Amino acid sequence: MTDTASTTKLSIVGAGSVGSSLAYASLIRGSANTVALYDLNTEKVDAEVLDLAHGSQYTQASQIIGGSDISCVAGSDIVVITAGARQKPGQSRLDLAGTNVDILGSLMPQLLEQAPNAIYMLVTNPCDVLTTAALKISGLPTHRVLSSGTVLDTSRLRWLVGNKIGISPRSVHAMMVGEHGDTEFALWSSATIGQSPLQDWKDSAGNRVFDREVLDSLEHEVMNSAYKVIQGKGATNYAIGVAGARVVEAILRDQKAVLPVSTLLNNYHGISDIALSVPSIVGRGGVERTLNFPMDEIEEAKLHKSAEALLSVQKSLGI
């Protein structure tokens, strides 16, 4: 594995709550040497860049640039797209599809002109559908276009499991996969706590903790986490900011990290031409390989349900 190269540039498109939080997380973590923030709203993006710059002496050795001139993204190694219509309380991610595909259609060619060699990551929802749309709009190879997918949902799951049994979420090895949305699901059959299978975990009294009812409850809580946050404060931004920065680092530092990012699948458990989150090796080339994790019958059925939900949206939009 290599460390961050001498010059690495991350560009973030959209200076809203998600984009600015991703810029903030990236500066604090030192995800890239240069972080560029681009938005059409000059007053807003200039203010965000200025606010971030004022704290830069206390962050990692990174610089923040940006503005409303798209040339600020020129020469990027990775471009993260957060721009688009915001999810409203009670609205599903798939409800945003038509509007955000239209926005992407005008945005992607302009970005490619400035950063033709970049890896492109979608954070805007519905990120799976937009990943497929971005590939068709851009003509880029599959490995260079991905979305943050269920990386955040996986973090939510591990936090909930760890919280339930009083251990660090870093010791929980479990993933959410599928659509980043209402049909996502946990890969319980391969989940572990340390080296112990999660479903065999017992409390100090010797009682098994994770029966089917508990597993379903945890999965449901993950699926509804975003709705809960959006209802209370209007948007999810801090956690997705950190999760996005984590994926950026896996790419720029060529970490070969296994992350559940969303990428266009090719005969993955019989699924093709749909972007879904599955365990994947992420490095300098983008999504370098999808991993064919074992699934039980319940998980296999849920994966295909996720694919069908996304396929119906893609068809309705002509993607």
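Coordinates for the structure precede this section.
Residues numbered from 1 in each chain as written. Predicted model: local features only at pLDDT ≥ 70, side-chain atom pairs only at ≥ 80, totals over all residues. Heavy atoms only, no water.

**Q** Lay out the overall build of the chain in plain terms, naming residues and giving numbers.
**A** Per the secondary structure count, the chain includes 8 helices and 16 strands. A compact globule built from 319 residues would reach a C-alpha radius of gyration of about 20 Å, and the chain, at 19 Å, matches this within 12%. Principal axes of the C-alpha set define a box for the chain whose edges measure 60 × 45 × 40 Å. Going through the 319 residues of the chain one by one, you find that 54% of them count as buried. Sequence-distant contacts in the chain: of pairs separated by 6 or more residues, those separated by 24 or more amount to 71%. Accessible surface for the chain amounts to roughly 13800 Å². Of this, 50% is attributable to carbon and sulfur atoms. A gap of 3 Å separates the mean positions of the 25 positive and 32 negative side-chain charges of the chain. (Helix = DSSP H or I, 4+ residues; strand = E, 2+ residues; numbered from the N terminus. Rg over C-alpha atoms; globule rule 2.2 N^0.38 Å. Buried < 20%, exposed > 50% of the residue type's maximum accessible area, 1.4 Å probe, protein only. Contact = heavy atoms within 4.5 Å. Areas by Shrake-Rupley, 256 points an atom, 1.4 Å probe, with all protein chains shown as cover. Lys, Arg positive; Asp, Glu negative; His and termini not counted. Charge placed at Lys NZ, Arg CZ, Asp CG, Glu CD.)

**Q** I'd love a proper account of the pairing of strand β1 (residues 9-13), names of residues and values included.
**A** Regular strands place side chains that alternate from one sheet face to the opposite one. Taken across its 5 residues, β1 has 5 buried, putting it largely inside the fold. Of the two faces of β1, both are covered, the one formed by Lys 9, Ser 11 and Val 13 as well as the one formed by Leu 10 and Ile 12. Two elements, β1 and strand β2 (residues 34-38), share 5 bridges in a ladder whose sense is parallel. Of the residues in β2, the one forming a bridge with Ser 11 is Ala 36. On the question of chirality, the crossover connecting β1 to the parallel β2 by way of helix α1 (residues 17-29) is right-handed. In this structure, β1 lies alongside strand β4 (residues 78-81), joined through 4 bridges in parallel fashion. Bridging from a neighbouring strand, Ile 12 pairs with Val 80 of β4. (Pairing = 2+ DSSP bridges. Right-handed = clockwise from strand over helix to strand, strands pointing away.)

**Q** Account for the pairing of β4, naming residues and giving values.
**A** Burial of β4 is two-sided: the residues Ile 78 and Val 80 facing one way and the residues Val 79 and Ile 81 facing the other way are all buried. By the bridge criterion, 4 bridges tie β4 to strand β5 (residues 119-122) in an arrangement that is parallel. From the neighbouring strand, Ile 81 faces β5, where its bridge partner is Leu 122.

**Q** Could you give me a rundown of the sheet that holds strand β12 (residues 257-259), with the residues and numbers involved?
**A** Within the open sheet, the 3 strands sit side by side as β12-β15-β16. Their pairing is antiparallel. Since the sheet does not close on itself, it has two edges, and those belong to β12 and β16 (286-290), each with one partner. Adjacent strand axes in the sheet meet at a mean angle of 40 degrees, parallel and antiparallel pairs treated alike. The pairing of β12 with strand β15 (residues 280-283) spans 3 bridges and is antiparallel. What sits directly across from Ala 257, in β15, is Val 282. (Axes fitted to C-alpha atoms, helices over the stretch in contact; angles between N-to-C directions.)

**Q** I'd love a proper account of helix α8 (residues 297-316), names of residues and values included.
**A** Helix length check: α8 (20 residues) gives 29 Å between terminal C-alpha atoms against 28 Å at 1.5 Å per residue, within 8%. Taken together, the buried positions of α8 are occupied by Glu 299, Leu 303, Ser 306, Ala 307, Leu 310, Val 313 and Gln 314. Across the axial projection of α8, the buried residues extend over an arc of 125 degrees, all falling on one side. Set apart from the buried face of α8 by more than 90 degrees, the exposed residues are Glu 297, Lys 305, Glu 308, Lys 315 and Ser 316. As for α8, its buried residues are in contact with α3 (97-114), α4 (127-138), β9 (185-186) and β14 (275-277). Taking the backbone nitrogen of Ile 298 as reference, a side-chain oxygen 3.2 Å away marks Asp 296 as the first, capping residue of α8. Two residues or fewer after α8 comes Gly 318, characterised by a positive phi angle close to 70 degrees. (Expected span 1.5 Å × (residues − 1). Arc of directions from axis to C-beta. Polar contact = N/O pair within 3.5 Å; in protein donor to acceptor, adjacent residues only side chain to side chain.)

**Q** Tell me about α4, and please be specific about residues and values.
**A** Between its terminal C-alpha atoms α4 stretches 16 Å, which fits the 16 Å expected from 12 residues at 1.5 Å a residue. Within α4, 10 of the 12 residues are buried, leaving the element largely enclosed by the surrounding structure. Buried residues along α4 sit against α3, β5, β6 (145-147), β13 (262-264), β14 and α8.

**Q** Go over the sheet that holds strand β10 (residues 192-193), please, and point to the residues and values.
**A** Ordered in space as β7-β10-β11, the 3 strands form an open sheet in which the pairing is antiparallel. The strands lining the two open edges of the sheet, one partner per strand, are β7 (172-173) and β11 (196-197). Taken together, the 2 bridges between β10 and β11 define a ladder with antiparallel strand orientation. Note that in β11 the partner of Thr 192 across the bridge is Pro 197.

**Q** Talk me through the nonpolar core; I want residue IDs and the actual numbers.
**A** With 41 residues, the main nonpolar core has Val 79, Ile 81, Leu 104, Met 108, Leu 111, Tyr 120 and Leu 276 as its most contacted residues. Mapped by element, the contributors of at least two residues to this core are β4, α3, β5, α4 and α8. Sorting elements by how many residues they give to this core places α3 first, with 7 residues. Ignoring any residue separated from it by four or fewer positions in sequence, one finds Tyr 120 in contact with Val 79, Ile 81, Met 108, Leu 111, Leu 112, Ala 115, Leu 140, Arg 144, Val 145 and Leu 146. By size, the runner-up hydrophobic cluster in this structure holds 35 residues, among which are Ile 12, Ala 15, Ala 23 and Val 151. (Core = buried A, V, L, I, M, F, W, Y, C linked by side-chain atoms within 4.5 Å.)

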